[in-house]
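Observations on the model geometry
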Amino acid sequence: MAVSESDILRSEVRWAMIVGVAVAVIFAAVIYTGIELHVNPPSNIETIDPKALHLSNEFTESNLGTRVEPEGRITTRIVATQFAFDPPCVVVPANEPVTLRLTTPDVIHGILVTGTNVNTMIVPGYVAQVHTVFTKTGDLLMPCHEYCGLGHSQMWATVRVVPRESFRPDAEGRVACD
Amino acid sequence: MLFLLLGRSALAGKTRSEDTGLSQADLDTVMEEVPKGALALSASAVLLLLCGWFFVYFFIFVPRGTVG
Amino acid sequence: MTSVARLTKAHLWIAFAAFLVACVFGIWQMWARSPLATPYVIAEHYFLSVTAHGVAMAFVLTTFFIMGFGYFTAETALDRPLPGKPWAWAGFFLAVAGTLMAVAAILSGQASVLYTFYPPLTGSPFFYLGLVLVVVGSWIWCILMIVAMREWKGAHPGAPVPLAMFATVANAIMWLWTTVGVAAELLFIVIPASLGWVDTVDVGLTRTLFSWTLHAIVYFWLFPAYIAFYTMAPQAAGGRLYSDMMGRLTFVLFLVYSLPVGLHHLFMDPEHSTGFKFVQMSLTVLVAVPTLLTVFTISASLEIAGRLRGGRGLLGWIPALPWDRPMVLATGLSFVMLFFGGGGGLVNMSYGLNALIHNTSWVTAHFHLIFGGTVVIMYFAICYAIWPRLTGHEAGTQDAQRLQLWLWFVGMMIMSLPWHWLGLHGQWRRVAQFDYTNPIIAAWGPWVTTSLVGGILLFASAVVFVWNLAALRADRKAPVAPFAFATAVHQPARVPASLNGFGLWNVLVLVLMIAAYGWPIAQFFVLQPPHAVVHRVDRGG
Ligand code: HEM
Ligand SMILES: [Cu+2]
Ligand SMILES: [Cu+2]
């Protein structure tokens, strides 16, 4: 007996249901990790004037790098410029929540930290913020991963992850590489 | 992959003229089987993709620590 | 020979000239990034090269190929002369002029902003104006495609538009929607900045407008490959298309879901909320559906062919297929690359998971596999299929064509699989030279060198391809049978009006775009974020 058009469509619908289940599984996993493990993309929509970073309280030269805030949170502030990070090396403790805050006075940059899930764009006009916990100690590479001009290939910094015992803040709560 | 290679060597001898005489009866006969094979092939592909995705998620992504 | 033969050939030659030159740039880039000593590597050259490679591959090859193939399809599938042929030539010359302008700006080093030209980096106005002309040329093509379908429908009331043309028009309409984002970015922000009329730009807004274009443009490039899957491969394999209706549905779904998903390129950006990122990630999941439907429908169509040729059992039809025919071979290889590229894509689109690979070599690998692989190998196969109709010459043997397709496939796998690995280990994109004295980077060396081997095979394949097209002149001149697109098991005599036109779908696109992009764009006008100062790459930095 010949196969009719509706038989064909029925087989397509059956396949579409399999497809539906497959994508629903991925969808569910993403929702689960978003809600339960707090895995979300960096999205804090916080603006800052790139033309006046030096006048902001937060991103002045003396306030960059890692600092244990008075209330105990650990924050690392970095300014990305053509074609260097300031500071070029930051220290963070292993196995503690750390907040990275980055911004730029000039063009678009971005960072990743090798071997971790730290990844964000740095868009002029905004503060990029990533909460994370570093688990492996050692010197990690933090390159600028968005083309920002001819010096882009040379633009990278070091994230020095140290064991908690070696993470010793000074009187102001600051920790630096040297 | 393997099929592609095998198929080419096994069938290189056949010529084009063979499939010009496609009759409705032949078509009806093969349509009794179609799309069993296509279903098997595409379902296994999707299954493999799902496994790959979960592998990346739970064995590469999650061990590298949460971000948010 | 068709009456649009000259028009089509003109478009295809521009497309593949750009392609060949871009492959030269590509292979040199691979070399520069490897641990091997490379001549001429300085940053100026490298980023000039990446800009040229990206623009040539993503804008010139694709746009000219799609236009040329569209004209061929309009005439062949509708079996009537192309309306407005002088306009088609006007569009062609406009796009050629635009290409020359952009190329001049790039080669003089005044436009090393890469093909994504993210402001506030700003280059020569000739670069952007050139790109605008290419887009305007393609708009003429879009309108001609729509007109051709309209006129055919007028002459054949109630008859289903042939699938190949239905898909081509779906692509034309999608492209009109797609270019709105980048056109707004260029005309209102980037070009005024490059002409020096404004000193600052709203960077978040420019990125958002670009993202509007950035996903759907990929489907613009992909459409010809899918047209070949549905309307050429079943025929070439000696079978029938399993379902014409699913083809229509697939193309409509592409039109609808390719657009409201571009924010997935901005998952790692600070200027959008998790809410809208999540909405567009959800819509992105739906974009996987038409591709998975296609995999099934085309597999079933090939299964018909394989069984007609005597294949038995669950999978015995696969080895029974005529793999010696370039279109069938290309379809098989394309599907294998789609499997790997699609798998990578699933990772990219998964919201938080994007952080694992964003802006690493994983992404470069992904789009070379899908775009350079799955799509471009079908461009090759389409050329092999239509070239005899365009030139009146039939190739004596198809050995060189098969060799070329295999080389492309093997090269692409060898190049892109190590890139995925490198991306997972943090190798980032768009870098002229890596410092292999750094221990982390030194460990990447062997993988980078391996991928270079793949690049060499790809380059060899590109040369053979262009050779194959050119060499056909010397082959026998034969009366070439008229081109036939595949017919379906049940070739429909009538289809629902909704699957024979685009009115309904345009409304749906509008609604989805307002929902998905309304606030993400409006927020910049409400929030008034601080602007950034324009940074010129021309005028000595
Ligand atoms: C001989 C074959 C090819 C080679 C050796 C090659 C090589 C490369 C390399 C090394 C890059 C990375 C540049 C970087 O991140 O620093 C690149 C980028 C790119 N390639 Fe290819 N490629 C080839 C073919 C193709 C094809 C066929 C397409 C698409 C049709 C394509 C599209 C692109 C695009 C869009 C970029 C991005 C440019 C950017 O990041 O701005 N490539 N290619
Ligand atoms: Cu950079
Ligand atoms: Cu996309």
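Our subject in this report is the structure included herewith.

Conventions adopted
- Residues numbered from 1 in each chain as written.
- Chains lettered and ligands numbered in written order.
- Predicted model: local features only at pLDDT ≥ 70, side-chain atom pairs only at ≥ 80, totals over all residues.
- Heavy atoms only, no water.
- Contact = heavy atoms within 4.5 Å.
- Buried area = accessible area lost by both parts, 1.4 Å probe.
- Salt bridge = Lys/Arg side-chain N within 4 Å of Asp/Glu carboxyl O.
- Polar contact = N/O pair within 3.5 Å; in protein donor to acceptor, adjacent residues only side chain to side chain.
- Helix = DSSP H or I, 4+ residues; strand = E, 2+ residues; numbered from the N terminus.
- Buried < 20%, exposed > 50% of the residue type's maximum accessible area, 1.4 Å probe, protein only.
- Nonpolar A, V, L, I, M, F, W, Y, C, P; charged D, E, K, R; others polar.
- Near = heavy atom within 4 Å.
- Phe/Tyr/Trp six-rings, centres within 6.5 Å; stacked < 30°, edge-to-face > 60°.

1. Structural notes on the interface of chain C and chain B
The interface is formed by 41 residues belonging to chain C together with 39 residues belonging to chain B. Here chain C packs against chain B, burying approximately 3,800 Å² in sum over the two surfaces, 76% of which is carbon and sulfur. Summed over the shared surface of chain C and chain B, the result is zero salt bridges. Our count for the contact surface shared by chain C and chain B stands at five residue pairs in polar contact (both at pLDDT 80 or more).

2. Points about unusual backbone geometry
At the junction of Gln82 of chain A and Phe83 of chain A, the peptide bond is cis and its omega measures out at 0 degrees in the coordinates. Counting through the fold element by element, Phe83 of chain A comes out in the loop between strand S3 (74-81) and strand S4 (84-86). The omega angle of the peptide bond from Pro119 of chain C to Pro120 of chain C is 15 degrees, so this bond is cis rather than trans. Take Pro120 of chain C: it is sitting in the loop between helix H3 (85-107) and strand S1 (121-122). Unlike most non-glycine residues, Asp79 of chain C shows phi in positive territory, near 55 degrees. Position of Asp79 of chain C among the secondary structure elements: in the loop between helix H2 (43-78) and H3. The class of Asp79 of chain C is exposed, set by a relative accessible area of 67%. A positive phi angle is found at Leu114 of chain C, which is not glycine, with a value near 70 degrees. You can call Leu114 of chain C buried: its relative accessible area is 1%.

3. Brief notes about the interface of chain A and chain C
With 55 residues of chain A at the contact, the number on the chain C side is 70 residues. Between chain A and chain C the total buried area reaches about 5,200 Å² when both faces are included, carbon and sulfur atoms providing 70% of it. When the buried surface of chain A facing chain C is broken down by residue, Glu12, Tyr126 and Tyr147 of chain A rank first, second and third, together holding 12% of it. Taken together, the connections running from chain A to chain C amount to one salt bridge. Residue Arg430 of chain C is joined to Glu146 of chain A by a salt bridge in which the shortest nitrogen-to-oxygen separation is 2.9 Å. At the junction of chain A and chain C, the tally comes to 20 residue pairs in polar contact (both at pLDDT 80 or more). For the side of chain A that touches chain C, the secondary structure elements donating two or more residues are helix H1 (5-36), strand S8 (119-122), strand S9 (126-133) and strand S10 (138-143) of chain A. The biggest single contributor to the side of chain A that touches chain C is H1 of chain A, with 13 residues. Split by residue class, the side of chain A that touches chain C holds 32 nonpolar, 16 polar and seven charged.

4. Digging into the site of ligand 1
All names here are of chain C. Near ligand 1 there are 27 residues, and of these Tyr46, His53, His368, Arg429 and Arg430 occur at the shortest range. Between an oxygen atom of ligand 1 and a side-chain N or O atom of Tyr46, the distance comes to 2.6 Å. Contact distances for ligand 1 include 2.8 Å between a nitrogen atom and a side-chain N or O atom of His368. Sorting the residues of the shell around ligand 1 by element identifies helix H1 (5-33), H2, helix H11 (361-391), helix H12 (399-424) and helix H14 (445-471) as the ones contributing at least two each.

5. Here's the deal with the packing of aromatic side chains
Remark: the centre distance and the inter-plane angle together describe each pair of aromatic rings, the angle taken between the planes. This model, assessed by the stated rule, comprises 56 aromatic pairs over all chains. Considering the side-chain rings of Tyr57 of chain B and Phe58 of chain B, the 5.4 Å spacing of their centres and the 45 degrees angle between planes classify their relative orientation as tilted. Of the residues examined, Tyr57 of chain B reaches a relative accessible area of 1% and is grouped as buried. The class for Phe58 of chain B is partly exposed, based on a relative accessible area of 36%. Measuring from centroid to centroid gives 4.2 Å for Trp221 of chain C and Phe371 of chain C, while their planes differ by 15 degrees, and the two rings are stacked. Placement of the pair is Trp221 of chain C in helix H6 (residues 203-231) and Phe371 of chain C in helix H11, with a sequence separation of 150 residues. Each member of the pair, Trp221 of chain C as well as Phe371 of chain C, is classed as buried. Chaining the aromatic ring pairs together yields one cluster made of Phe16, Phe19, Phe65, Phe69, Tyr379, Phe380, Tyr384, Trp408 and Phe465 of chain C.

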